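Structural overview
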Amino acid sequence: MNKKKIIILALCLVVLLGVLVFVMNIPEPSENGDTDSLTNSTEETLEEILFSFNTDSVTKIKVTSASVSYTISKTDNGWVCPEKENVAVSQSRMTSLMAELSSVKYADYISTADVNPADCGIDSNVDTITFDGELGEVTLIKGNNVPDSELSYVMCSLYDNNIYMIKNESISRMFVSFDEYRSDDLALIDFENIVSIDFKNKNGAFSAVKGEYNLSTGNYYEWRLTSPVELFARDSEIASVLVEPVSKMAVDSYVSDNGNFADFGLAKKDCYVSFVDAKGEKQTVYFSDMINNKYYIAINDSKSIYQVSPSSVPFAGISLIDIADRQLYLNMQSNISKVTVFGGGYDYTVDFGSDSTMTVNGNKVTETSDVREIFTSLCGPLADDIYTGATSAEIFTMKFTLKDSSEVVLSFSEADDRYYNVARNGKTLYRIMKSKIASMVEILDKHK
């Protein structure tokens, strides 16, 4: 076979393959023989919008079902629920609902002339959502799910001759319980600018106010306890244990709006944390004991009760020592002139020099690490508890003499076999383990 014949046969083969591809791609006719109907796909039909309106014109939404009914109305201050006056409504969630309602799309529809609405599950006992706006009063009625699909039957009061088939995904965002419209933000005041806190739980109660710190005078904290003792409070603990948990509190579930506090361990409301912001606005969170690894809370005078996880209420079991300044006494080394420890068999004098040196009972200490160790041993011991009760006779004393000639005196008395009670300038404040004082003395002995 010569080259010319081979080329002709190859060309014929290419033509035959082209014809085969064309035939295989011819669409099959519909039952009525009209292939044009195939261009009207479901995807295109889903772009059909049931109605449209200006969302700003809507003034009221009402949702009803066999078990619940609620109304959400627009006021000058935003959306509110008249049936639940003390419950905050999520404004962003309402904006999302408006967007959903204004662009409801349907996949298909059937005429009520061809099918009874009751056969589609549409009757007086089904879910409805009604809204008032520029279209007047419009009601959507939800029926059964469409068999073998992700659609539901829905009737619209604007078009009572048709039953529409709407995606369940869209339906689920409209026909929901009122809880879906509750505001998730339980912070009702300005938690960035809290100025005072009152707290009470089964371990005790305290009050604190916010002031200013001054590092040059040894005042390292903004927060101050005013009751039951006057002490600094640790800013980091006030923030992490009290303020932030409430300002960012997440609700696990809403359990009641009926004020039945006794059913959830809140009958006495005797455990609470209360905040006041810079504008004088107040918010109080009441909390229960732990019940089945959960806590129940209520806010201000609202009748609503919420269930939250233990991580949301880290303050539930705290004691005063957990937020109080635990330093027996702390100041900048440059402010201290001398520390003396005497009584109970102790006799130490530590002189702080001006050139980062010091002497312990006359013995000069020059190594930086040794100077730091001695300073930390004197100003570093941390109290183990707050104690303001009666004390026995003083056993020994630590006296801090400052360079401005003022003095701070710590007096130690017997608490029990393991602890000392500690008074600062005559006022009993702390309880500390004896072993911590023994460690301090051991360091002083090493350098004296």
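Description of the structure in this document. In this text the structure is predicted, and so the values were computed from the model without any measurement. Note on numbering: residues in each chain are counted from 1, in written sequence order. Residues qualify for local features only when their pLDDT is at least 70, as the model is predicted, and side-chain atom pairs are given and counted only at 80 or more; totals for whole chains, interfaces and linings, by contrast, use all residues. Heavy atoms throughout the structure, all of them, feed into the side-chain values; hydrogens and water do not.

1. Description of the sheet that holds strand β11 (residues 223–227)
Within the open sheet, the nine strands sit side by side as β12-β11-β10-β9-β14-β15-β16-β17-β13. Their pairing is antiparallel. Of all strands in the sheet, those bounded by a partner on one side alone are β12 (231–232) and β13 (253–256). By this definition, two strands are paired if DSSP reports at least two bridges between them. Helix and strand definitions follow DSSP, with helices as H or I runs of at least four residues and strands as E runs of at least two, each counted in order from the N terminus.

2. Structural notes on the packing of helix α6 (residues 368–379) against helix α7 (residues 434–447)
For every element, the axis is a line fit to its C-alpha atoms; helices are fit only across the contacting stretch, and the angle between N-to-C directions ranges from 0 to 180 degrees. At a minimum axis distance of 9 Å, the contact between α6 and α7 shows a crossing angle of 145°. The interaxial crossing formed by α6 with α7 has left-handed handedness. Residues Asp-370, Glu-373, Ile-374, Ser-377 and Leu-378 of α6 form the contact with α7, whose own contacting residues are Met-440, Ile-443, Leu-444, Lys-446 and His-447. The residue inventory of the contact of α6 with α7, partitioned by class, reads five nonpolar, two polar and three charged. For any pair of crossing helices, the crossing counts as left-handed if the nearer helix is rotated counterclockwise from the farther one by less than a right angle, and right-handed if it is rotated clockwise. What makes two residues a contact is simply this: any of their non-hydrogen atoms within 4.5 Å. Residues are grouped as follows: Ala, Val, Leu, Ile, Met, Phe, Trp, Tyr, Cys and Pro are nonpolar; Asp, Glu, Lys and Arg are charged; all remaining types, including Gly, are polar.

3. Points about unusual backbone geometry
At the junction of Ser-227 and Pro-228, the peptide bond is cis and its omega measures out at 0° in the coordinates. With respect to the secondary-structure elements, Pro-228 resides in the loop between β11 and β12.

4. Some points on the pairing of strand β6 (residues 136–145)
Across six bridges, strand β5 (residues 128–133) lies against β6 in antiparallel orientation. Residue pairing across strands places Phe-131 opposite Val-138, the latter belonging to β6. Between the end of β5 and the start of β6, which pair antiparallel, lie two residues. Of the strand pairs in this sheet, β6 and strand β7 (residues 151–156) are connected by four bridges, and their pairing is antiparallel. The partner of Lys-142 across the bridge, within β7, is Val-154.

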